[in-house]
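Letter by letter, the chains look like this.
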Amino acid sequence: MMYQIRQMWLALRGNFTAALATLTTMTLTLALLGAVSLLTLNLERTLSGLEKEVEVSAFLLESANDATLLKTVQALPQVASARIVTKGKALEQLGQDLPGILEPGSLEENPLPDSLRLTLKNPRDVQVVAAQLKALVGVESVEYGEGYVDQALSTLESVRFLGYGLVLLLLLNSLFNILSTVRVGMFARRVEIEVMRLLGARRGFIRAPYVLEGIVLGLLSSLITAALLYPAYFALTGQLRTLLPSLPLLEDRRVVLELLVGLVGLGVLVGGLGSWFAANRYLRELE
Amino acid sequence: MIQLRHVTLEYPGAAQAALDDINLHILKGEFVYLIGHSGAGKSSLMNLILKRETPSRGEVYLSGESLRKYRGGRVALHRRRIGMVFQDNLLLQNLSVFDNVAFALRVIGVPQREWAARVLSVLAQVGLESRQSALPRQLSLGEQQRVALARAVVSDPPLLLLDEPTGNLDPDTSGEIIRLVQSTNLRGTTVVFATHAREVVEQFRHRTLTLRRGKLVRDDPFGGYAL
């Protein structure tokens, strides 16, 4: 093993420019990957916050039996919670929401109906539940902010999808960087590799220093990335918290650390796998 | 030991086959010269035995086993049975004489505690025990070729292939190399020696195979140089 480590060190030193280029590109890629992951995590929080706020309102006819309807609705599998808001309670709430415009006692008659307010286990079921509610006897109309909710959900879904797409592309970029570095390194030492092959060295023996080189490059670049990203992220969230206090930012240090540990693992994996593939392919071409 | 049956080797795009319907049998413990002009097919034949090439037609056997289906790790094991010396010796320039020879033991997984005894013993045989710390560039061409020979035999292979090992050497140094190879052969190693050095073939007579434009045109059990 000491021999393989020494050979790995010689490969890194002998191929220093290419190794440095890979280290730089991989660090930038992992930094972008980390930033996109943090952005995606923050979007997830915004999205799940928005999803939790999705509420379906079913406005009831005067003749409706509120208690029976409540039981029926609570039995629906998609429903997380349901409650009755009486017309009096609704007017009171409206008065609180529009102070100065709707004074208590200013109306001769309460024009608002009783309503059922529902939250759903999965907000994507909103249209199905709305249709079921409309079909119930005693329900006059149903509202769930159609248009706004659907559009917000689909926009955030697209952003999330794009984020993951970008992450995938960046990972592939890192992999190709490692592939070319290892290939250049092996080409530079082709005589030694040829001697090894003629002396009867197995592929694993020839490959080992290059796989170690990939792992070391992956480890170094991901550690640099983590060391840069961690303070930069919390400096940025500190600023944003001051400017936009209502933004649901991810500020749990443990979650961020876990993400960065994952990034280090990914760096090592990409480095190791990339160099393994490159070395194997080079050796196969020689056979 | 080595058997070729109707072996033809064609390279893509080449007008003529590198080897054309070769049949030969080399017995265990034999010393055989392979002679012919440049391009006659000597190196191609060596490459077939080393499994660097696969015949387009026919079969190559080593110790009764066809090499055709050998892949990956099996090729590596096959090559461990063969010591190889080239004209340009292929020594690793950043390693000392000792380390170059020990390298052959390292790559095949011989425990490190055995290296010193085996390397020093084989360096003594080629007369380079005192130069074990020197780098290849500090040696003469003849000494470098002796190191290459030491590296080829340190793992005690049953077969030794030499491809123009005296090509860059003066007659005296060539004679030294041949004598070392002969002493290896006397210990039971089969030797296949490709050369176009007439004086070597004439002076140290052994069975001689002559190749011309890829064909085996002469197989002389008593030796002698005739192209």
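The preceding data block contains the structure.
Below is a summary of the structure that appears in this document. (Residues numbered from 1 in each chain as written. Chains lettered and ligands numbered in written order. Predicted model: local features only at pLDDT ≥ 70, side-chain atom pairs only at ≥ 80, totals over all residues. Heavy atoms only, no water.)

**Digging into the sheet that holds strand β3 (residues 31–35) of chain B**
All names here are of chain B.
Point 1. Read across the sheet, six strands follow the order β6-β7-β8-β3-β9-β10 without closing on themselves; strand pairing throughout is mixed. The open sheet has two edge strands, β6 (82–86) and β10 (215–220), and neither has a second partner. Strand-to-strand, the axes of this sheet are offset by a mean angle of 15°, without reference to chain direction.
Point 2. Across five bridges, the pairing between β6 and strand β7 (residues 159–163) is parallel. When the sheet's bridge partners are listed, M84 is paired in β7 with L161.
Point 3. Its contacts with the sheet place helix α5 (residues 141–153) against β6 and β7, and it is angled at close to 165° to β6. (Pairing = 2+ DSSP bridges. Helix = DSSP H or I, 4+ residues; strand = E, 2+ residues; numbered from the N terminus. Axes fitted to C-alpha atoms, helices over the stretch in contact; angles between N-to-C directions. Contact = heavy atoms within 4.5 Å.)

**Some points on empty space enclosed by the protein**
Point 1. Scanning all chains against the criterion turns up four cavities of 30 Å³ or more.
Point 2. By volume, the largest cavity amounts to about 120 Å³.
Point 3. Lining the largest cavity are R197, A201, R202, R203, I206, L283 and E287 of chain A together with G72, G73, V75, A76 and R79 of chain B.
Point 4. Tallying contributions element by element places helix α2 (residues 72–79) of chain B first for the lining of the largest cavity, with five residues.
Point 5. Residues that form the lining of the largest cavity fall into these classes: five nonpolar, two polar and five charged. (1 Å grid on protein atoms, 1.4 Å probe; cavity = no way out; pocket = protein on both sides within 12 Å on 5 of 7 lines; lining within 4 Å. Points joined across faces, edges and corners; volume = space filled by probe spheres on them. Nonpolar A, V, L, I, M, F, W, Y, C, P; charged D, E, K, R; others polar.)

**Thoughts on the interface of chain B and chain A**
Point 1. Of the residues lining the interface, 17 residues belong to chain B; the matching set on chain A comes to 16 residues.
Point 2. Overall, the association of chain B and chain A removes approximately 1,600 Å² of surface from exposure, summing both partners, and the carbon and sulfur fraction of that is 64%.
Point 3. By the criterion of area lost to chain A, the three top residues of chain B are R79, R106 and V107 of chain B, representing 32% of everything that side buries.
Point 4. Across the pair R52 of chain B and E194 of chain A runs a salt bridge whose closest N-O atoms are separated by 2.6 Å.
Point 5. Inspection of the region where chain B meets chain A yields three residue pairs in polar contact (both at pLDDT 80 or more).
Point 6. When contributions to the side of chain B that touches chain A are tallied by element, the ones reaching two or more residues are α2 and α3 (97–107) of chain B.
Point 7. Of the residues in the side of chain B that touches chain A, the class split is 10 nonpolar, two polar and five charged. (Buried area = accessible area lost by both parts, 1.4 Å probe. Salt bridge = Lys/Arg side-chain N within 4 Å of Asp/Glu carboxyl O. Polar contact = N/O pair within 3.5 Å; in protein donor to acceptor, adjacent residues only side chain to side chain.)

**Points about the sheet that holds strand β1 (residues 2–9) of chain B**
All names here are of chain B.
Point 1. Reading across the sheet, the four strands line up as β2-β1-β4-β5 and stay open at both edges, with antiparallel pairing between neighbours. With partners counted over all chains shown, the strands left at the sheet margins are β2 (19–26) and β5 (65–66), one partner each.
Point 2. Relative to β1, helix α1 (residues 42–50) is tilted by about 120°, and along the sheet it contacts β1, β2 and β4 (57–62).

**Concerning the packing of aromatic side chains**
Residue and element names in this part refer to chain A.
Point 1. With the rule as written, the count across this model stands at six aromatic pairs over all chains.
Point 2. Note on Y233 and F234: the rings are 5.3 Å apart at their centroids and 80° apart in plane angle, and the pair reads as edge-to-face.
Point 3. Residue Y233 is classed as buried on the basis of its relative accessible area, which comes to 8%.
Point 4. Between the aromatic rings of W276 and F277, the centroid separation amounts to 5.6 Å while the plane-to-plane angle is 80°, which identifies the pairing as edge-to-face.
Point 5. Note on W276: relative accessible area 35%, which makes it partly exposed.
Point 6. Residue classification places F277 among the partly exposed residues on the basis of a relative accessible area of 47%.
Point 7. Grouping aromatic residues by their ring pairs yields a cluster made of Y230, Y233 and F234.
Point 8. Positioned above the aromatic ring of F234 is the side chain of R253, whose terminal nitrogen or guanidinium carbon lies 4.1 Å from the ring centre. (Phe/Tyr/Trp six-rings, centres within 6.5 Å; stacked < 30°, edge-to-face > 60°. Buried < 20%, exposed > 50% of the residue type's maximum accessible area, 1.4 Å probe, protein only. Lys NZ or Arg CZ within 6 Å of the ring centre and 35° of its normal.)

**Description of the environment of G223 of chain B**
Residue and element names in this part refer to chain B.
Point 1. If you trace the backbone, G223 turns up in the segment after β10.
Point 2. Residues G223 and R205 lie 18 residues apart in sequence; the distance between their C-alpha atoms is 5.2 Å.
Point 3. With residues near it in sequence (within four places) discarded, G223 still touches R205, H206, R207, T208 and R218.

**A short note on the nonpolar core**
Point 1. Ranked by internal contacts, the top residues of the largest apolar core, which has 120 residues, are I2, Y33, F103, L159, L161 and V181 of chain B.
Point 2. With 10 residues, the single largest contributor to this core is helix α9 (residues 253–286) of chain A.
Point 3. Apart from the residues lying within four places of it in its own chain, the contact partners of L161 of chain B are M46, I49, L50, I82, G83, M84, V85 and V192 of chain B. (Core = buried A, V, L, I, M, F, W, Y, C linked by side-chain atoms within 4.5 Å.)

**Brief notes about helix α4 (residues 115–125) of chain B**
All names here are of chain B.
Point 1. Every buried residue of α4 is listed here: W115, V119, V122 and L123. The buried residues of α4 all sit within an arc of 105° when viewed along its axis, so they share a single face.
Point 2. Contacts made by the buried residues of α4 are with α3 and α5. (Arc of directions from axis to C-beta.)

**Topic: helix α8 (residues 203–243) of chain A**
Point 1. For α8 of chain A, built from 41 residues, the straight-helix expectation of 60 Å at 1.5 Å per residue is met to within 8% by its first-to-last C-alpha distance of 58 Å.
Point 2. Where α8 of chain A bends most, the angle comes to about 30°, and this point is P209 of chain A. (Expected span 1.5 Å × (residues − 1). Bend = angle between axes of the 7 residues up to and from the residue.)

**What about the layout of surface pockets?**
Point 1. Approximately 300 Å³ is the volume attributed to the largest pocket.
Point 2. Around the largest pocket sit 15 residues that line it, and L38, L39, N42, Y233 and L236 of chain A are the ones nearest its centre.
Point 3. Classifying every residue of the lining of the largest pocket by side-chain character gives 12 nonpolar, three polar and no charged.
Point 4. Along the wall of the second largest pocket there are 13 residues; nearest its centre are L286 and E287 of chain A together with K51, R52 and R79 of chain B.
Point 5. Residue assignment for the lining of the second largest pocket shows that the elements contributing at least two residues are α7 (190–199) of chain A together with α2 of chain B.
Point 6. The element best represented in the lining of the second largest pocket is α2 of chain B, accounting for three residues.
Point 7. Each residue belonging to the lining of the second largest pocket can be placed in one class, and the counts come to three nonpolar, two polar and eight charged.

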